[in-house]
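Tertiary structure, described
Residues per chain are reported as follows:
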There are 2 protein chains.
Amino acid sequence: MKYSDLSRNRLQEMLDELQVQYKEVQSRNLSLDMSRGKPSDEQLNLSMDMLDCVRFKKDLISEDGTDCRNYGLLDGIIECRRLMANLTGTKPENVFMGGNASLNMMYIVISNAWTFGINGGTPWSKLETIKFLCPVPGYDRHFRICEALGIEMISIPMTPQGPDMDEVEKWVTSDPMVKGMWCVPKYSNPDGVTYSDETVRRLAAMKPAAEDFRIFWDNAYIVHHLDFENRDELLNIHAECEKHGNQDMVLELVSTSKMVFPGAGICALITSVHNLTEMKKIMNCELISFDKLNQMRHVRFFHNVHGMEVHMMRHAEIVKPRFDICLEAFRELGELGIAHWTNPRGGYFISLYTLDGCAKRTVELCKEAGVVLTAAGAAFPYGIDPKDSHIRIAPTYPSVEKLKKACEVMVLCAKIAALESMIDK
Amino acid sequence: MKYSDLSRNRLQEMLDELQVQYKEVQSRNLSLDMSRGKPSDEQLNLSMDMLDCVRFKKDLISEDGTDCRNYGLLDGIIECRRLMANLTGTKPENVFMGGNASLNMMYIVISNAWTFGINGGTPWSKLETIKFLCPVPGYDRHFRICEALGIEMISIPMTPQGPDMDEVEKWVTSDPMVKGMWCVPKYSNPDGVTYSDETVRRLAAMKPAAEDFRIFWDNAYIVHHLDFENRDELLNIHAECEKHGNQDMVLELVSTSKMVFPGAGICALITSVHNLTEMKKIMNCELISFDKLNQMRHVRFFHNVHGMEVHMMRHAEIVKPRFDICLEAFRELGELGIAHWTNPRGGYFISLYTLDGCAKRTVELCKEAGVVLTAAGAAFPYGIDPKDSHIRIAPTYPSVEKLKKACEVMVLCAKIAALESMIDK
């Protein structure tokens, strides 16, 4: 049965029934927060050994003899840079170890471009207009950086292979004011798309109009597979860039916030040696180093990329059932012809697409029934989803039991919003 | 005996003798680094319990129920904000918890002023000239931030009571381009001066020409006494400012880098609620929070300000003998009439003042004999000491035995430099 096959009267009858149900749900006084991609308590418990894996002096001395307890090493300890290099298919000399937040590292890079310019170029603050390409839907905090700085955001539609490359190439190669592009290339936030090999190759081969054009390759979900046997593979963009002499064009970010403890992990910036040499001249004025003890904790806890992978499998065991609960619940919406959604093989989100014009209303109804979702539109520049159809679902944080209740509420609210909209027409 | 009482021939004879000694010292192949204010191994060992004082889930839950392992709390956990408030005589609502480096926090504040302006004012990047008052000698890394940003540095002479307040008031009240002033108000870097009550009162009472004038109150050595019974007391500048409606004028920074582990401590920014409210609007675009687990480690390790004080007494037991070794060694230079120096009651440095024109040469001679000191001039804007007389001595890092050797070398080199200069005239 699809809602679109039913008469207006029948739709009204169904709406009336659902509103009774909704009242009942409201009376349960639920209080569930699914607004952000937060790991659950069960996931956090996986990393407790990290808290005391660095305890004795022997744990604290880096292989080059550096005492990690003292000042020094702007770009981080060699063991940790190697770990991050192995994770990303690069070399330790391509790795700069940052603080506890890759978001902050991206901001730092942009702020330095703003104030000092990139590699001797004009500071972005001195230019009339700066534009960034924003594949949509995307990560709201990327867009918020642009909004704060007054960077003009150009929406680029996402496809199942990644951003629409015809659009991307058109902008990047013709407009010297296009200085940046946000990418979450693997298990993208929020659609869960992994960029195809062709997409990566086309990105790497671009000849940007602006010499200081940079791709922010936010590889936030690099090992965050849900199904390790059927994982997505992402082409190494640095290797592709090198083929075209474009190795300065990509700034890759990785973070352990969603491997260990959010806000107490480490991030790394991965790019060309030339870029890092220039950046370090500036960073050297801004701080002495990020936290090397926390870098060492990661090295002692993970040992190597295999250890990291095994650890992430344990995360998947906890996270995948939560994704399945959502996907199972959404089936009813599909049968009614009022929604479609993504079925990602990794990452932290599902995109739920309601009937056009129904996302905000669905989120509002959920909120009033005690289930807080990410604000509708949040995944779009300036918070405006032109179709008002996208809802970002973050299944990880609630317990399985609570998530089931939340899904029940979401489905109910999506149905009510759809019926209201169809009756209204 | 003073060198100035001796004949030129006698000076030459002495120089010849010392040069023989110098050759002998060079043949020892020493390799001692006293260039930075780094804690010694013994000091670092005092904080080893911090590495595993947060191990179990109960250690991780903040008193307001926040799980410190997960995202959230831009301004930090309440326990840690309270600890920092008690340390600084303020309230938790005045405290913003930063990352591992107060230097970085100062840069962030200035960078945000640069890009966004302060509390709605014109972004500093849009102004023709920005000037900062720099009490000299001062902290080289403060000056380096100014140099990187092209901020004009106005040298203000230090007196035993703090910066020359007549000069400070003249600049701050008359020149709207004076937007900032660097202060290390307690056991100043490098002179070890604590600002007198009158200095603090005069600073607090100023009516700056620029509404967005800010004092960077870098209270880096707030509990870093050498002699706890005869400690310096610093007036609470926030309380003084409030009397004049100037509570937005001061940004205080404290850091635990030199209490626990340099680079793995935490810092705090302490200022008015109004300032923090405005700052957080911007910071909220730049990151989610700093490392709350490390904040919790500090709370569990120190318990409270008394715990912090007891811990710092242990540091003093290690650090004071090192200061005494330097002071004892320098006596010979005093007797020869070729140097004077500071005798601080806390902090990390001694200022050694050679005869005019002899600092660079002394540092160079030391380096060639295997003892690396802070570059002469480093404590002055643009690295230029107009008298070429100041050397910053950092006694903490070497072992007692090595420090004695280093002092021997320093004294020898200071004598050679003095003799060379006197003979040359």
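Notes on the structure in this doc start here. Residue indices begin from 1 for each chain and proceed along its sequence in written order. Following the order in which they are written, the chains are lettered starting with A and the ligands numbered starting with 1. At least 70 in pLDDT is required for a residue's local features to be given in this predicted model, at least 80 for side-chain atom pairs to be given and counted, and no such filter applies to totals for whole chains, interfaces and linings, which use all residues. Only hydrogens and water are removed before side-chain values are computed, so all heavy atoms of the structure are retained for them.

**Things to note about the relation of the copies chain A and chain B**
Test applied: Least-squares fitting of one copy onto the other uses the C-alpha atoms of those residues that reach a pLDDT of at least 70 in both copies. The contact rule is simple, with two residues in contact once any of their heavy atoms fall within 4.5 Å.
Expressed as a screw operation, the relation of chain A to chain B combines 0.0 Å of axial shift with a rotation of 180°, fitting to an RMSD of 0.0 Å. What we have between these two chains is a two-fold relation. Closest approach to the rotation axis within chain A is made by the C-alpha atom of D52 of chain A, at a distance of 2.6 Å. Here 100% of the contact residues of chain A are again contact residues in chain B; the copies associate through an equivalent surface.

**What about the packing of aromatic side chains?**
So the rule is basically this: Stacked, tilted and edge-to-face pairs are distinguished by plane angle, under 30 degrees for stacked and over 60 for edge-to-face with tilted covering the rest, among Phe, Tyr and Trp rings (Trp via its six-membered ring) whose centres lie within 6.5 Å. Helix and strand assignments come from DSSP, with helices taken as H or I runs of at least 4 residues and strands as E runs of at least 2, each series counted from the N terminus. The classification of residues rests on relative accessible area computed with a 1.4 Å probe and restricted to protein chains. Under 20% of the type maximum is buried, over 50% is exposed, and intermediate values are partly exposed. Two thresholds decide whether a charge sits over a ring: the Lys NZ or Arg CZ must be within 6 Å of the ring centre and within 35 degrees of the ring normal.
Counted by the stated rule, this structure contains 18 aromatic pairs over all chains. Plain terms: the ring middles of W182 of chain B and F216 of chain B are 5.2 Å apart, the flat faces sit at 45° to each other, and that makes the pair tilted. Of this pair, W182 of chain B sits in strand β6 (residues 178-183) while F216 of chain B sits in strand β7 (residues 214-218); the two residues are 34 residues apart in sequence, bridging distant segments of the chain. The same class applies to W182 of chain B as to F216 of chain B, namely buried. Members of the aromatic cluster, joined through ring pairs, are W124, F132, W182 and F216 of chain A. Positioned above the aromatic ring of Y348 of chain A, the side-chain terminus of K258 of chain A is 5.2 Å from the ring centre. When the ring centre of Y397 of chain B is taken as reference, the NZ or CZ atom of K38 of chain B above it lies at 4.7 Å.

**Section: helix α11 (residues 292-302) of chain B**
Put simply, the rule reads: Polar contact is defined as a pair of N or O atoms within 3.5 Å, subject to the rule that within protein one atom must be able to donate a hydrogen and the other to accept it, and that residues adjacent in sequence are counted only when both atoms are side-chain atoms.
By the criterion of burial, α11 of chain B is predominantly enclosed, with ten of the eleven residues buried. Those residues of α11 of chain B that are buried are in contact with α11 (292-302) of chain A together with α3 (57-60), α4 (78-88), β2 (95-97) and α12 (305-335) of chain B. Among the residues of α11 of chain B, the N-terminal cap falls to D291 of chain B, whose side-chain oxygen and the backbone nitrogen of L293 of chain B are separated by 3.0 Å.

**Observations regarding the side chain of Q43 of chain A**
Residues and elements named next belong to chain A. When you line up the elements, Q43 lands in helix α2 (residues 41-45). What makes Q43 buried here is its relative accessible area of 1%. Here Y348 takes part through its side chain, which lies 2.9 Å from a polar atom of the side chain of Q43. Those residues in contact with Q43 that sit more than four places away from it in its chain are H315, I318, V319, Y348 and T396.

**As for the environment of N189 of chain B**
Residues and elements named next belong to chain B. Mapped onto the elements, N189 comes out in the loop between β6 and α8 (197-204). Residue class for N189 comes out buried when judged on its relative accessible area of 4%. The sequence separation of N189 and V25 amounts to 164 residues, and the corresponding C-alpha distance is 30 Å. Ignoring sequence-local partners within four residues, the contact set of N189 consists of P137, G138, Y139, V184, Y221, F349 and R392.

**Details of the layout of surface pockets**
Here is the rule we go by: In this analysis the probe radius is 1.4 Å and the grid spacing 1 Å, with only protein atoms considered; a cavity is a set of points the probe fits into but cannot get out of, a pocket is an open set with protein on both sides within 12 Å along at least five of seven lines, and lining residues have an atom within 4 Å of a point. Grid points are joined across faces, edges and corners, and a volume is the space filled by probe spheres set on the points. The residue classification treats Ala, Val, Leu, Ile, Met, Phe, Trp, Tyr, Cys and Pro as nonpolar and Asp, Glu, Lys and Arg as charged. All others, Gly included, are polar.
Estimated volume of the largest pocket: approximately 560 Å³. What lines the largest pocket is a set of 29 residues, among which Y139, R141 and K258 of chain A together with Y71 and I288 of chain B lie closest to the centre. Only α5 (102-116) and α6 (140-149) of chain A provide two or more residues apiece to the lining of the largest pocket. Here the lining of the largest pocket takes three residues from α5 of chain A, the largest share from any one element. Among the residues forming the lining of the largest pocket, the class breakdown is ten nonpolar, eleven polar and eight charged. Around the second largest pocket, the lining is made up of 29 residues, and of these Y71 and I288 of chain A together with Y139, R141 and K258 of chain B lie nearest the centre. Mapped onto the lining of the second largest pocket, the elements with two or more residues apiece are α5 (102-116) and α6 (140-149) of chain B. A total of three residues in the lining of the second largest pocket trace back to one element, the largest contributor, which is α5 of chain B. Looking at the lining of the second largest pocket residue by residue, the classes come out as ten nonpolar, eleven polar and eight charged.

**A closer look at the sheet that holds strand β11 (residues 350-354) of chain A**
Residues and elements named next belong to chain A. The cut-off we apply is this: Here, any two strands with at least 2 DSSP bridges between them count as paired. Every axis in this analysis is a line fitted to C-alpha atoms, fitted for helices over the stretch in contact. Angles between the N-to-C directions lie between 0 and 180 degrees.
The three strands lie next to each other as β10-β11-β13, forming an open sheet whose pairing is antiparallel. On the outer flanks of this sheet lie β10 (339-341) and β13 (390-393), each paired with one strand and no other. Between one strand axis and the next, the sheet turns by 25° as a mean value, whatever way the strands run. Where β11 meets β13, four bridges bridge the pair, whose relative direction is antiparallel. Across the sheet, L352 pairs through a bridge with I391, a residue of β13.

**A few points about the packing of helix α1 (residues 8-27) of chain B against helix α14 (residues 400-424) of chain B**
Residues and elements named next belong to chain B. Heads up, the rule is: In this scheme the crossing of two helices becomes right-handed for a clockwise turn of the near helix relative to the far one and left-handed for an anticlockwise turn of less than a right angle.
Where α1 meets α14, the axes come as close as 9 Å, and the angle between the chain directions of the two elements is 145°. Like other packed secondary-structure pairs, α1 and α14 cross with a definite hand, here left-handed. Here R8, L11, Q12, M14, L15, L18, Q19, Q21, Y22 and V25 of α1 lie close against α14, whose contacting residues are V409, L412, C413, K415, I416, L419, E420, M422 and I423. For the contact of α1 with α14, the per-class residue count stands at 13 nonpolar, three polar and three charged.

**Details of empty space enclosed by the protein**
All chains considered together, the criterion is met by nine cavities of 30 Å³ or more. G99, N100 and F290 of chain A together with G99 and N100 of chain B are the residues nearest the centre of the largest cavity, which is lined by 22 residues in total. If you tally residues by element for the lining of the largest cavity, the top one is α5 of chain A, at three residues. In terms of residue class, the lining of the largest cavity is built from eight nonpolar, twelve polar and two charged.

**With respect to the pattern of salt bridges**
Rules: Salt bridge, as applied in this entry: a Lys or Arg side-chain nitrogen positioned within 4 Å of an Asp or Glu carboxyl oxygen.
This structure, assessed with the given rule, holds 56 salt bridges over all chains. With a closest N to O distance of 2.6 Å, K131 of chain A and D175 of chain A form a salt bridge. Here the residue K131 of chain A occupies a position in strand β3 (residues 131-136), and D175 of chain A occupies one in the loop between α7 (165-174) and β6 (178-183), the gap between them amounting to 44 residues. In this structure, a network of salt bridges that share partners links the residues D41 of chain A together with K57, D67 and R69 of chain B.

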